[in-house]
Amino acid sequence: MMPDGSAVEGAQGNFPFERALFGEPLAPDILGPILVSTFGAPWIKPDPLASSERMTPEEIAAASAAIPPGVIGRQGTSLLYPVQTPDLIGVKDRRYLDHTGLQQHRSIADLMRYAAINQGADDLASYAGFIPAGTPPQFQNLPDPATQERYSDEQLYALALYVYALKPPPNPNKFGAAAAQGQKVFEREGCANCHNPPLYTNNKLTLAEGFKPPPGADKKYDILPISVDTDPYLSMKTRRGTGYYKVPSLKGVWYRSMFGHNGWCATLEDWFDPRRTQNDYVPTGFKPYGTRNSAVKGHRFGLELSVEDKQALIAFLKTL
Ligand code: HEC
């Protein structure tokens, strides 16, 4: 939903899911199993969910309220480290799906598979013996249609064709003098090494901070073996973790918000503000629950530009 009230179909949604789902404190016996099945990753030591299990329903409601529109505590991520809601416009050209590149996208069949898996098949998967739909025991007999059926292949194919057909809204930002200067800055600063036109992504995976790919990974995946040093949690400690972060496309940034994979920065101006890497920074988008200040680290590209160059760069990005 845009500020003027118009809706852009397929774009990054901004419905506040967490506030709607968990905004009112739920009874602990209902809340506990929901949290474990949605976010649990108990095979990781120390268990990353342990801190939220110790939280009271009121604290969970407050943590949910801290998740801004445009960011979502999607199943398999974490209520404490939710993800930027992705834009589906242009997904046809993305070689990996999810911020962590959890699934390859080689053909329409992969998008169909992705839809089926996210419709609930992932809840039936075994993560080192942990089955989200099956644990804890009180979940086993819960008649949850999402975990019991999926769309037919025909429906999934039609759905995927529809997603492929999504088109961006007309861009109100014309390519003028400022954008032309910004394009020069973009080229000079080496942004195109990763965000190269025409897709404004090289469609590759980068490494989460601290991750070493296993031998042979470079033959299976298209990896740029460097890290932009953003927060490693999502990719290292959740069920959607892979050890990688994909290079996002910059197309459509003019109608998007909540930048970075956890959606820390509400605007591009904030994303390119060097103060964001300092510990006393107050993020304008998602900030981890219970913190007042929190550095948004990594991706230092473009932070040290002059005021004019930065404005021009942002003007250029908004034309994409
Ligand atoms: C070495 C590769 C690389 C270079 C060079 C690079 N980026 Fe990025 N960029 C990334 C990756 C990876 C991310 C995702 C980081 C994350 O969220 O963890 C990203 C994220 C972004 C985002 C946020 C997008 C979103 O949807 O959240 C913007 C905007 C951006 N880059 C612009 C730029 C600009 C402008 C430059 C040049 C000044 C640049 N990048 C240079 C790899 C790169």
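Figured I'd write up the structure that's included with this text. (Residues numbered from 1 in each chain as written. Predicted model: local features only at pLDDT ≥ 70, side-chain atom pairs only at ≥ 80, totals over all residues. Heavy atoms only, no water.)

Comments concerning the overall build of the protein
Part 1: Looking only at helices and strands, one finds twelve helices and six strands in the protein.
Part 2: For 320 residues, the compact-globule formula gives about 20 Å, and the C-alpha radius of gyration of the protein, at 20 Å, lands near that figure.
Part 3: Taking the principal axes of the C-alpha coordinates as reference, the protein spans close to 65 × 50 × 50 Å.
Part 4: Looking at the protein as a whole, 46% of its 320 residues are labelled buried.
Part 5: Pairs at least 24 residues apart make up 66% of the contacts formed inside the protein by residues separated by at least 6 positions.
Part 6: As displayed, the protein offers around 16,200 Å² of accessible surface, 58% of which is attributable to carbon and sulfur atoms. (Helix = DSSP H or I, 4+ residues; strand = E, 2+ residues; numbered from the N terminus. Rg over C-alpha atoms; globule rule 2.2 N^0.38 Å. Buried < 20%, exposed > 50% of the residue type's maximum accessible area, 1.4 Å probe, protein only. Contact = heavy atoms within 4.5 Å. Areas by Shrake-Rupley, 256 points an atom, 1.4 Å probe, with all protein chains shown as cover.)

Let's talk about the side chain of Asn 202
Part 1: One can find Asn 202 in the loop between α8 (177-188) and β5 (205-207).
Part 2: The class of Asn 202 is buried, set by a relative accessible area of 14%.
Part 3: If we ignore the near neighbours within four places in the chain, the residues touching Asn 202 are Asn 193, Cys 194, Asn 196, Leu 224 and Val 247.

Looking at the pattern of salt bridges
Part 1: According to the stated counting rule, one finds 15 salt bridges in the structure shown.
Part 2: Across the salt bridge formed by Asp 222 and Lys 204, the nearest N and O atoms sit 3.9 Å from each other. Taken together, the positions of Asp 222 in the loop between α9 (217-220) and α10 (233-236) and Lys 204 in the loop between α8 and β5 put the pair 18 residues apart, joining distant regions of the chain.
Part 3: The class for Lys 204 is partly exposed, based on a relative accessible area of 26%. (Salt bridge = Lys/Arg side-chain N within 4 Å of Asp/Glu carboxyl O.)

Points about the site of the ligand
Part 1: Around the ligand, 24 residues are found, and the nearest of them are Cys 191, Cys 194, His 195, His 261 and His 299.
Part 2: The side chain of Gln 84 places a nitrogen or oxygen atom 3.1 Å from an oxygen atom of the ligand. (Near = heavy atom within 4 Å. Polar contact = N/O pair within 3.5 Å; in protein donor to acceptor, adjacent residues only side chain to side chain.)

Quick look at the coordination of the iron atom of the ligand
Part 1: Looking at the iron atom of the ligand, the protein donor atoms are His 195 (NE2) and His 299 (NE2), and they sit 2.0 Å from it.
Part 2: Its relative accessible area of 10% is what places His 195 among the buried residues.
Part 3: Its relative accessible area of 14% is what places His 299 among the buried residues. (Donors = N, O, S within 2.8 Å, 3.2 Å for Na, K, Ca; no water.)

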